[in-house]
Protein chains: 2
Amino acid sequence: MAESVKTIRDTDDEARLLARRLVRGARYAAIGVLEPGTGFPFTSRVLTGTDTDGSPVILISALSAHTTALTADPRASLLFGEPGKGDPLAHPRITLRTRALRIAREDERHGQLRERFIRRHPKAALYADFPDFAFFRMVPESASLNGGFGKAYALEAGDLIIRSPAIAGLAAMETGAIEHMNTDHSEAADAYAQAYARSKRTGWTICGIDCAGLDLLNGDELIRIEFDAPLHDSAQLRAKLVEMSRFASQK
Amino acid sequence: MAESVKTIRDTDDEARLLARRLVRGARYAAIGVLEPGTGFPFTSRVLTGTDTDGSPVILISALSAHTTALTADPRASLLFGEPGKGDPLAHPRITLRTRALRIAREDERHGQLRERFIRRHPKAALYADFPDFAFFRMVPESASLNGGFGKAYALEAGDLIIRSPAIAGLAAMETGAIEHMNTDHSEAADAYAQAYARSKRTGWTICGIDCAGLDLLNGDELIRIEFDAPLHDSAQLRAKLVEMSRFASQK
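Now for a quick tour of the structure. Nothing here was measured: the structure is a model prediction, and the numbers come from that model.

Attention now goes to the side chain of Ser164 of chain A. Residue and element names in this part refer to chain A. Within the secondary structure layout, Ser164 lies in the loop between helix H5 (157-160) and helix H6 (167-184). Engagement of the side chain of Ser164 in a polar contact is seen with the backbone nitrogen of Ala166, the distance being 2.9 Å. If near-sequence neighbours (up to four positions away) are discounted, Ser164 is found in contact with Cys211, Leu231 and His232.

Here's what the structure looks like:
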């Protein structure tokens, strides 16, 4: 084991998929910031969502220690991946090195980011519009993935950021597409959760759609389903969802 | 809520008890360190135990990023307290600002720290003696406790460190006392877990005893029971355990 810890494995598609699922399927993370004054690396907990390009998004109060810190120095890390049963170190986790970018309320992206975040964290609607709260995009620079003992990988920003000419187009239709799916095809989310994530629960709804995949929500539980490859045209979404439903019905 | 986030409440005994339980009852934490080279606050996951004075203890590999970082700069934070069901921000957590102190294998405290850590993390016995692994005591300087929305407290080192003239004496008899209890009074741990932490499970064992309380282990689950006040003489331990058993039998 000592030997293997040293070895950084070559990043392959399996590692990339695991990394993306950990980040995009998370509800919260441990954030590390540089505390002004003391210089301590200060770690605390934040709710997380993602922007449509895969960058993590957080919603924090100007009165909190992390906002003060990020305003002074935008460097931050985010640790995703929670231990379940058994050895906490056997569970995969990933640390992203990011730079925090405040999204002003006047920013044209603000409304869409806000909707997407609140669909993922319905209770955040209670305080998201308080004047001291703000969204930050956490732009990834690199990451360290630990898939369990001896499974260490170094990832680049490109492994985590979604690249597609369809990002803006799909973002513009995201809310409408989700409402349509959850209303007119409400059985689809359960079928996806079952087929793609072996969920035995019912009651799933879609809470996010981007070029690289779907986010499904069910109370406290979130499932990230990654498409085989990112959509390159927002018009492909319908066919993709139909194809997934067909796959799910054959399972 | 915006208002209340700003307010740091006065630290009272209830906050101190919560803080101690979060730290002393943890199996793992998110550690924040200063990454050499990049200067990023880097957050990752570590197994944690405690020294008999309440300081957190971690066991990490020299090949890991955190050991390199802590050797260059001993400042680190530790985030304890895991979200359970419901809103992740409604669950209490605490961040300790600490300085990391490497415990050399030749250190007279090493053997006892090692035994205590391995009782808490039996699987760590597989690698604790690898030449690249080392224990670090994480000496607390201060802490930020968040007991849930609007319940923020600033704690000092003195709120987290156990002060008693009996620490060394009790540490010297810890292993023997635990073996005696788990062998000759094996029903006691279940009774304590039931009476003091409302556990419905059986199969508990004692994995740690210090002047301020007991640690109970049951597979993945850990319970910290704090005494009303720290023992000031190691000879008080027996009476304290008997008193607790009596209390438990009356519940």
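Now that the structure has been shown, the text picks up again.
Next up on the list: the relation of the copies chain B and chain A. For the pair of chain copies, the relating operation is a rotation around an axis with a shift along it. Relative to chain A, chain B is turned by 180° and slid 0.0 Å along the rotation axis, the superposed coordinates differing by an RMSD of 0.0 Å. The transformation just described matches what one would write down for a two-fold rotation axis. Minimal C-alpha distance to the rotation axis in chain B is attained by Pro41 of chain B, lying at 2.5 Å. By residue overlap, the copies meet face to face through one surface: 100% of the interface positions of chain B are interface positions in chain A.

Topologically, Ser77 of chain A is positioned in strand S5 (residues 75-80). For Ser77 of chain A, a relative accessible area of 0% puts it in the buried group. A distance of 2.7 Å separates a polar atom in the side chain of Ser77 of chain A from the backbone oxygen of Pro41 of chain B. There is a polar contact of 2.9 Å between the side chain of Ser77 of chain A and the side chain of Thr43 of chain B.

Moving on to the pairing of strand S2 (residues 28-34) of chain A. Residues and elements named next belong to chain A. Most of S2 is tucked away, with seven of its seven residues classed as buried. As paired elements, S2 and strand S3 (residues 41-50) share seven bridges and run antiparallel to each other. Bridge pairing in S3 places Val33 opposite Phe42. Once S2 ends, the chain turns through six residues before running back antiparallel as S3, passing Gly37 with a positive phi of about 90°. Sheet topology note: the S2/S5 ladder contains four bridges and is antiparallel. Each bridged residue has a counterpart across the sheet, and for Val33 the counterpart in S5 is Ala76.

Turning to the pattern of salt bridges, a few remarks are in order. All names here are of chain A. By the definition in use, this model includes 45 salt bridges over all chains. The salt bridge involving Arg137 is made with Asp51; its shortest N-O contact spans 2.8 Å. Here Arg137, found in strand S7 (residues 133-146), pairs with Asp51, found in the loop between S3 and strand S4 (56-61); they are 86 residues apart in sequence, far enough to count as distant. Between Arg116 and Asp210 there is a salt bridge, and its shortest N-O distance comes to 3.1 Å.

All right, on to helix H7 (residues 187-197) of chain A then. Taken together, the buried positions of H7 of chain A are Ala188, Ala189, Asp190, Tyr192, Ala193 and Ala195 of chain A. Buried residues along H7 of chain A sit in contact with H6, strand S9 (205-210), strand S10 (213-218), strand S11 (221-226) and helix H8 (236-250) of chain A.

Here is what the cut-offs are and how they apply
Residues numbered from 1 in each chain as written. Chains lettered and ligands numbered in written order. Predicted model: local features only at pLDDT ≥ 70, side-chain atom pairs only at ≥ 80, totals over all residues. Heavy atoms only, no water. Helix = DSSP H or I, 4+ residues; strand = E, 2+ residues; numbered from the N terminus. Polar contact = N/O pair within 3.5 Å; in protein donor to acceptor, adjacent residues only side chain to side chain. Contact = heavy atoms within 4.5 Å. Least-squares fit on C-alpha atoms with pLDDT ≥ 70 in both. Buried < 20%, exposed > 50% of the residue type's maximum accessible area, 1.4 Å probe, protein only. Pairing = 2+ DSSP bridges. Salt bridge = Lys/Arg side-chain N within 4 Å of Asp/Glu carboxyl O.

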